[in-house]
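What follows is the residue order along each chain.
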Amino acid sequence: MTDPTHAPLHTVSRGRARWHHGVIRPALQRRTNVAPAAQAIAFLIGIAAALIAGALLLLAAGHDPGAVYGRMIDSSLGGLNSISRTLLRATPLALAGLAVAVAGSMGLWNIGAEGQMMAGATVAAGVAIAAGDLPGPLLILAMIGAGAVGGVILMAGPALARAYLGVSEIITTLMLVEVSIRIVEWLETGPWKDPESQGFALIEPLPDQASLPGLFGRVHIGVLIAIALLVAFWMAVSRTAWGYELRMAGSSPATARYAGISLQRKVLTALLLSGALAGLAGAVELTGTATRLDPGLSNGYGFAGIIVAALALMRPSGVAAVAFVFGAVQVGGQSIQTLGVTSSIATILQAMILIAALVAAVLLNYRIRWVRPVGSNTDLPEAADAAGTTGATGV
């Protein structure tokens with residue numbers, strides 16, 4: 001009899017290969033009939049779990065969790081001024097999240113909302129420089145409209161490539177982020193350089209009338225624009241034939257083709273509308289909080305919008321709530337540094353809260369099934385015993 005410890009190498013390799021292909025693996029399966037209330041509860045449970053884990057982290061770092069969390073709540077929600085700071089942060093998050101959700105409603109991923117925000121802000125700034133003598137309301141409307149156009153211009157290439165060539169929009173939209181930022185860096189040292197910048201790389205400041213009117217505290221009417229767009233898209237998706245066709249094209253392309261729906265047209269519509277919303281977000285940020293165009297204007301809002309849309313499950317109704325919570329977490333995370341909490345721990349706390357909320361949302365809408373690859377073969381009977389059956393089990 002051959003000693004298994006001295007078996008030929010190719011024999012051992014084949015045995016390992018058969019064992020590898022026979023091992024059960026986890027897979028996600030979408031749950032049916034998940035109530036909206038359950039989603040909110042899961043979101044809150046995820047945040048609570050993250051806060052408990054964050055408390056342990058703070059204790060290990062020598063901080064009082066009660067004092068830290070108290071400062072976070074007070075700075076983000078403790079009064080009108082605090083709420084205004086949260087709303088100011090939540091406005092671009094909501095618009096960027098809506099831009100990603102529009103594409104996501106058809107199963108597409110706009111990863112380049114950050115670049116489209118910069119493109120929108122760039123075109124809006126160009127309008128302000130060229131037509132700075134217009135009255136305030138007209139100038140602001142022109143800048144916001146130009147911002148949407150800027151987002152469409154940057155999205156046009158990826159949208160056409162995805163619709164007609166099948167090129168992944170994930171790669172193309174992401175690559176254009178760097179392009180849009182470099183264009184702004186070129187403008188601030190070239191055509192749009194401020195002649196009074198004394199050698200610094202700065203773009204000409206915006207006209208005084210190119211600022212959105214304020215509401216209270218630090219909040220401007222950009223928050224009303226965001227709310228209006230969220231409501232409009234929710235109505236369009238849930239109450240119109242266009243929205244039904246968009247959702248059908250994303251969930252079942254074969255059914256959509258059978259119903260006579262043009263998938264290419266829907267892909268173009270979803271991606272271009274997504275780019276327009278992201279560009280509009282850049283224009284709102286420019287007219288709401290900035291005095292001039294700057295390469296750092298988007299401030300990561302476009303990338304954060306991906307998280308917002310994912311946590312909201314690509315639903316406009318959820319984008320508003322998630323953006324507000326996200327804004328509060330960011331404002332609170334910045335404020336606790338005054339208590340001696342390092343910026344790294346503050347960032348870790350923010351990440352833990354967001355990741356826990358995302359995991360809770362995923363586990364609510366999907367269940368884990370342990371499956372064995374079809375046609376697998378194994379020489380290890382104990383593996384079959386551990387699996388229990390050759391089918392799949394769910395939790």
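Scroll up for the structure.
Here the structure is a predicted model, which means the values were calculated and not measured.

1. Brief notes about the overall build of the protein chain
Helices and strands together make up the secondary structure of the protein chain, namely 15 helices and five strands. A total of 395 residues make up the protein chain; the buried ones form 44% of that total. Counting contacts in the protein chain only where the partners sit at least 6 residues apart, residues at least 24 apart contribute 76% of the total. Summed over its atoms, the accessible surface of the protein chain is roughly 19500 Å², and 66% of this surface lies on carbon and sulfur atoms.

2. A look at the packing of helix 8 (residues 222–239) against helix 11 (residues 263–289)
Across the interface, helix 8 lies against helix 11 with an axial gap of 11 Å and an inter-helix angle of 165°. Here helix 8 lies roughly antiparallel to helix 11, going by the angle between them. For helix 8 against helix 11, the interelement crossing comes out left-handed. In this structure, helix 8 contributes Gly222, Ile225, Leu229 and Phe233 to the contact, and helix 11 contributes Leu273, Leu277, Leu280 and Val284.

3. A short note on helix 14 (residues 343–365)
Taking 1.5 Å of rise per residue, 23 residues should cover 33 Å, and helix 14 covers 33 Å from first to last C-alpha, within 8% of that figure. For helix 14, the complete set of buried residues consists of Ile345, Ala346, Leu349, Gln350, Ile353, Leu354, Ala356, Ala357, Ala360, Ala361, Leu364 and Asn365.

4. Things to note about the pattern of salt bridges
Tallying each qualifying case throughout the model produces five salt bridges. Its salt-bridge partner being arginine 292, residue aspartate 194 comes within 3.4 Å of it at the nearest N-O pair. Of this pair, aspartate 194 sits in the loop between helix 7 (169–189) and strand 2 (214–216) while arginine 292 is found in the loop between helix 11 and helix 12 (301–311), placing the two residues 98 residues apart along the sequence. For aspartate 194, a relative accessible area of 10% translates into the label buried. Given the relative accessible area of 22%, arginine 292 is considered partly exposed. When salt bridges with common partners are traced through the structure, they connect Glu178, Arg182 and Glu185 into a single cluster.

5. With respect to the packing of aromatic side chains
Centre-to-centre distance and the angle between the planes together describe a pair of aromatic rings. Evaluated as defined, the whole model comprises one aromatic pair. Relative to tryptophan 242, the ring of phenylalanine 233 lies with its centre 6.5 Å away and its plane at 75°, an arrangement referred to as edge-to-face. What makes tryptophan 242 partly exposed here is its relative accessible area of 27%.

6. Description of the nonpolar core
Within the largest apolar cluster, 46 residues are counted, with the highest numbers of intra-cluster contacts made by Leu93, Val308 and Val319. Here this core takes nine residues from helix 4 (residues 80–104), the largest share from any one element. Contacts of valine 319, omitting those with residues within four sequence positions, involve Ala94, Gly97, Leu98, Ala101, Leu230, Val308 and Ala312. Membership of the second largest hydrophobic core comes to 20 residues, among which are Ala121, Ala125, Val177 and Leu187.

7. Brief notes about the environment of leucine 87
You can see leucine 87 is positioned in helix 4. In the structure, leucine 87 is positioned 237 residues away from phenylalanine 324 in sequence and 6.7 Å away in space, judged by C-alpha atoms. With residues up to four places along the chain from it excluded, the contact list for leucine 87 reads Phe216, Val219, Val223 and Phe324.

8. Structural notes on unusual backbone geometry
Of note, leucine 313 is a non-glycine position whose phi angle comes to about 60°, a positive value. Relative to the helices and strands, leucine 313 resides in the loop between helix 12 and helix 13 (316–335).

9. Focus: a nonpolar patch on the surface
A grouping of Leu80, Leu215, Phe216, Leu224, Ile227, Val231, Trp234 and Met235 is seen on the molecular surface, where their side chains present a nonpolar patch of about 720 Å² in accessible area. Sorting the residues of the nonpolar patch by element identifies strand 2 and helix 8 as the ones contributing at least two each. Residue contributions to the nonpolar patch peak at five residues, all from helix 8. Relative to the assigned elements, phenylalanine 216 resides in strand 2. Under the relative-accessibility criterion, phenylalanine 216 is labelled partly exposed at 32%.

10. Some details on helix 7
The periodicity of an α-helix, 3.6 residues per turn, causes residues three or four places apart in sequence to face the same way. In this model, helix 7 (21 residues) spans 31 Å end to end at C-alpha, consistent with the 30 Å of a helix rising 1.5 Å per residue. Among the residues of helix 7, those classed as buried are Glu169, Thr172, Thr173, Val177, Ser180, Ile181, Val184, Leu187 and Glu188. Looking at the packing, one finds that the buried side of helix 7 touches helix 5 (113–130), helix 6 (136–165), helix 11 and helix 12. Where helix 7 begins, the side chain of serine 168 points an oxygen toward the backbone nitrogen of isoleucine 170, at a separation of 3.2 Å.

11. Looking at the side chain of lysine 266
Examined against the element boundaries, lysine 266 turns out to sit in helix 11. Looking at lysine 266, the relative accessible area reads 8%, which means it is buried. In this structure the side chain of lysine 266 is engaged in a polar contact, spanning 3.1 Å, whose partner is the side chain of glutamate 245. Discounting chain neighbours no more than four positions away, the residues touching lysine 266 are Met106, Trp242, Glu245, Leu246, Ala249 and Ile261.

Thresholds, definitions, all that
- Residues numbered from 1 in each chain as written.
- Predicted model: local features only at pLDDT ≥ 70, side-chain atom pairs only at ≥ 80, totals over all residues.
- Heavy atoms only, no water.
- Helix = DSSP H or I, 4+ residues; strand = E, 2+ residues; numbered from the N terminus.
- Buried < 20%, exposed > 50% of the residue type's maximum accessible area, 1.4 Å probe, protein only.
- Contact = heavy atoms within 4.5 Å.
- Areas by Shrake-Rupley, 256 points an atom, 1.4 Å probe, with all protein chains shown as cover.
- Axes fitted to C-alpha atoms, helices over the stretch in contact; angles between N-to-C directions.
- Parallel < 35°, antiparallel > 145°, perpendicular 65-115°, else oblique.
- Left-handed = near helix turned anticlockwise from the far one by under 90°.
- Expected span 1.5 Å × (residues − 1).
- Salt bridge = Lys/Arg side-chain N within 4 Å of Asp/Glu carboxyl O.
- Phe/Tyr/Trp six-rings, centres within 6.5 Å; stacked < 30°, edge-to-face > 60°.
- Core = buried A, V, L, I, M, F, W, Y, C linked by side-chain atoms within 4.5 Å.
- Patch = residues over 30% accessible without salt bridge, like charges linked within 9 Å, V, L, I, M, F, W, Y side chains within 5 Å.
- Polar contact = N/O pair within 3.5 Å; in protein donor to acceptor, adjacent residues only side chain to side chain.

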